[in-house]
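Summary of structural features
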Amino acid sequence: MINLWSPSAGMSVGMVILTSYLLGIVHGITPDEHTWPITFSYAVGSYSAKKGLIVGLIFSLSFTVQRALMSEVSYFALSKVFDLPYFNYIIYVIVGTAMALGGMYVFKFKNAFHIHFGKIDRSHHAAALKGEYPDVQAPTPKMAIIHGFIAGFGFGAFALIIYTVLAPSMPNMYLGWVPGFFFGIGTTTVQAFAGLSFGALTKHLKLSPQMASKLSSLTAGRTLLWGGITFVAAGIFGLLFPSIADFQILTPLHIHNLHSLGIEFVLVIMVVLVIGVGSLVWEVRKATKIERKPEETKISS
């Protein structure tokens, strides 16, 4: 019997591999702050199902490499530092900074604040009201590689199982990396298809290809920039007020990431649903109105 909730030590190599892979699949499916926000950001900005699939693969494979390395380190019982109570909040700050820089890249740095606050930049705010979108560029796969590697340092329930139970169960140091690798491959299996879905989502918008492509990059940049700021704020808050940030709401679901909902779940909701999906819906509605105006003008004339 495979127990994904609480695997035991001493399993055979084959059972460890299977358990690690299945845990990775569950990790990829359940709301996780180290995967879904970044996969959404890069995939939706790709404006293509194929490119979204590739971006999901790139990010998750980079994540896999990191998890394999940490699994090997854990075999030698050197991962205690990653179990420090404040370590995850430091990772939030680092991941958030990387995300924000990625968003600034999309908005070409000097135009990063085109997300439109009239008091900051009145001329661009006025242009936005006329439907003149900022000149943006799509996020690059290289950025996804960096984010995937950084995100892998996040320490949660899944990492705890891999590093403290499965990796030490390996018979020798040459196989210490195996649990982390197959855990990453399981996550990759899901996140690649998630990337495909996010990429296809923007491709099928009822807008002109040019407008849909620009909105894809705009949504990606906004999710990275403001999502990154949200991550940094959460990390700083956790470092300053750990007793509050460590809150947990228990549920009857015995599935990691869903049994206890805390700041991790809040981050996923804020970045993916509120900032990401909310931004996409808002911009699509605005762009739809803009593209309808020329048709209404023709009809009236």
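The coordinates are above.
Now for a look at the structure at hand. (Residues numbered from 1 in each chain as written. Predicted model: local features only at pLDDT ≥ 70, side-chain atom pairs only at ≥ 80, totals over all residues. Heavy atoms only, no water.)

1. Description of unusual backbone geometry
Heads up, the condition is: Numbering goes from the N terminus for both helices and strands, where a helix is a DSSP run of H or I of at least four residues and a strand is a run of E of at least two.
Despite not being glycine, N257 shows a phi value in the positive range, around 80°. Positionally, N257 belongs in the loop between β1 (249-250) and β2 (260-261).

2. Notes on the packing of helix α2 (residues 36-46) against helix α9 (residues 209-240)
Each packed pair of helices is defined by two parameters, the angle between the axes and the distance between the axes. Which entries qualify depends on this criterion: Helix axes are fitted to C-alpha atoms over the stretch in contact, other axes to C-alpha atoms as well, and angles between N-to-C directions run from 0 to 180 degrees. Angle categories are assigned with fixed cut-offs, so that under 35 degrees is roughly parallel, over 145 is roughly antiparallel, 65 to 115 is roughly perpendicular, and the rest are oblique. Working rule for handedness: look at the near helix, and if it is turned counterclockwise from the far one by less than a right angle, call the crossing left-handed; if clockwise, right-handed. Contacts are assigned to residue pairs that have any heavy atoms within 4.5 Å of one another.
For the pair α2 and α9, the least separation of the axes is 7 Å and the interaxial angle reads 160°. Taken together, α2 and α9 sit at an angle that is classed as roughly antiparallel. Where α2 crosses over α9, the two elements pack in a sense that is left-handed. Two secondary-structure elements touch here, α2 through P37, F40, S41, Y42, V44 and G45 and α9 through S216, S217, T219, A220, T223, L224 and F231.

3. As for the pattern of salt bridges
The test is simple: Think of a salt bridge as a Lys or Arg side-chain nitrogen and an Asp or Glu carboxyl oxygen that are within 4 Å of each other. Buried, partly exposed and exposed residues are distinguished by accessible area as a fraction of the type maximum, computed with a 1.4 Å probe on protein chains only: under 20%, between the cut-offs, and over 50%, respectively.
By the definition in use, this model includes 2 salt bridges. For the salt bridge of R222 with E283, the shortest nitrogen-to-oxygen distance reads 3.0 Å. Of this pair, R222 sits in helix α9 while E283 sits in helix α11 (residues 263-300), and the two are 61 residues apart along the sequence. Residue class for R222 comes out buried when judged on its relative accessible area of 11%. A relative accessible area of 2% means that E283 is categorised as buried.

4. So, the side chain of S279
What counts, and what does not: Think of a polar contact as two N or O atoms within 3.5 Å of one another; within protein, one of them needs to be a possible hydrogen donor and the other a possible acceptor, and neighboring residues in sequence only count if both atoms come from side chains.
Among the structural elements, S279 can be located in helix α11. A polar side-chain atom of S279 sits 3.0 Å from a polar atom in the side chain of R222. Those residues in contact with S279 that sit more than four places away from it in its chain are T219, R222 and V274.

5. Looking at the environment of L166
Structurally, the position occupied by L166 is in helix α7 (residues 157-166). Take L166: its relative accessible area is 0%, and that puts it in the buried class. A C-alpha to C-alpha distance of 8.6 Å links L166 and S71, two positions 95 residues apart in sequence.

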